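So the chains spell out like this:
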Amino acid sequence: MSRRLLGVVLAGGASRRMGADKALLTHPDGSSWLEAQVQLLRSVGLEVCVLTGHGRHHALLSSCEGVTVQAEPWHPAGPLWALSCVLHDRDDEALLTLPVDMPGLRSEALQQLIRCWRPQPSTALVADDGSRLQHLFGIYPCGALYRQALDDELTEGKARWRGWLARIPHETVNLPSDQLVNVNRPIDLAALTG
């Protein structure tokens, strides 16, 4: 079965550890981290949905073609709650999720993820940096099985992405570790730009 692939940027976090909105930090290309992640997904031909509770993100992206911004109704409740806004029970779509705070990611890794997922479009595929899963960067099929597991994790579990991952069929793919660095704190940012 062919599934439409939609890019989803997770940008609704409170950025408490960073002390400033990570999505609005300046990317090495001169844009914001948020704009860079959106452009990365658009560069591989995907329409993009940005999940956020920040009004400034909506204003920043309001004129971008192929991009919608969806408000998180429970800001900030965490990425799995955000995903619950777009993961539906039809099996005609899959979501390529990407956190806003992975600014080193390049299109080659994105293309590799998509290529590795295509042969098994009914199974989730999660990025692995060689030492741990980077679960917010992956491709997650929509469908009744995935939606039910998500609902179960939100009601029975701790609303953690890894808890949901333990409930669904998934594979992993090793991608370049230097591209999968999450930048959460000022010290992480200094190491990235250092």
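Residues numbered from 1 in each chain as written. Predicted model: local features only at pLDDT ≥ 70, side-chain atom pairs only at ≥ 80, totals over all residues. Heavy atoms only, no water.

**A look at the overall build of the chain**
Across its full length, the chain carries 7 helices and 7 strands. Along the chain, helices (α) and strands (β) appear in the sequence β-α-β-α-β-α-β-α-β-β-α-α-β-α when read from the amino end. Here the chain holds 194 residues, and the buried ones make up 48% of them. Across the chain, contacts joining residues at least 24 apart in sequence account for 72% of those joining residues at least 6 apart. Of the accessible surface of the chain, which amounts to about 9,200 Å², a share of 49% is contributed by carbon and sulfur atoms. (Helix = DSSP H or I, 4+ residues; strand = E, 2+ residues; numbered from the N terminus. Buried < 20%, exposed > 50% of the residue type's maximum accessible area, 1.4 Å probe, protein only. Contact = heavy atoms within 4.5 Å. Areas by Shrake-Rupley, 256 points an atom, 1.4 Å probe, with all protein chains shown as cover.)

**Description of the side chain of Gln 134**
When you line up the elements, Gln 134 lands in strand 6 (residues 133–141). The exposure class assigned to Gln 134 is buried, which follows from its relative accessible area of 6%. Within polar-contact distance, the side chain of Gln 134 engages the side chain of Asp 129 at 3.2 Å. Among all residues touching Gln 134, those that are not within four sequence positions of it are Met 102, Val 126, Ala 127, Asp 128, Asp 129, Leu 180 and Asn 182. (Polar contact = N/O pair within 3.5 Å; in protein donor to acceptor, adjacent residues only side chain to side chain.)

**A closer look at the packing of aromatic side chains**
As enumerated under the stated definition, the model contains 3 aromatic pairs in all. Aromatic side chains Tyr 140 and Trp 164 sit 5.1 Å apart centroid to centroid with 35° between the ring planes, which places their arrangement in the tilted category. On the criterion of sequence distance, the pair formed by Tyr 140 in strand 6 and Trp 164 in helix 6 (residues 161–165) is long-range, its members being 24 residues apart. The exposure class of Tyr 140 is buried, given its relative accessible area of 0%. Classification of Trp 164 as buried rests on a relative accessible area of 0%. By way of ring pairs, the aromatic residues Tyr 140, Trp 161 and Trp 164 are connected into one cluster. (Phe/Tyr/Trp six-rings, centres within 6.5 Å; stacked < 30°, edge-to-face > 60°.)

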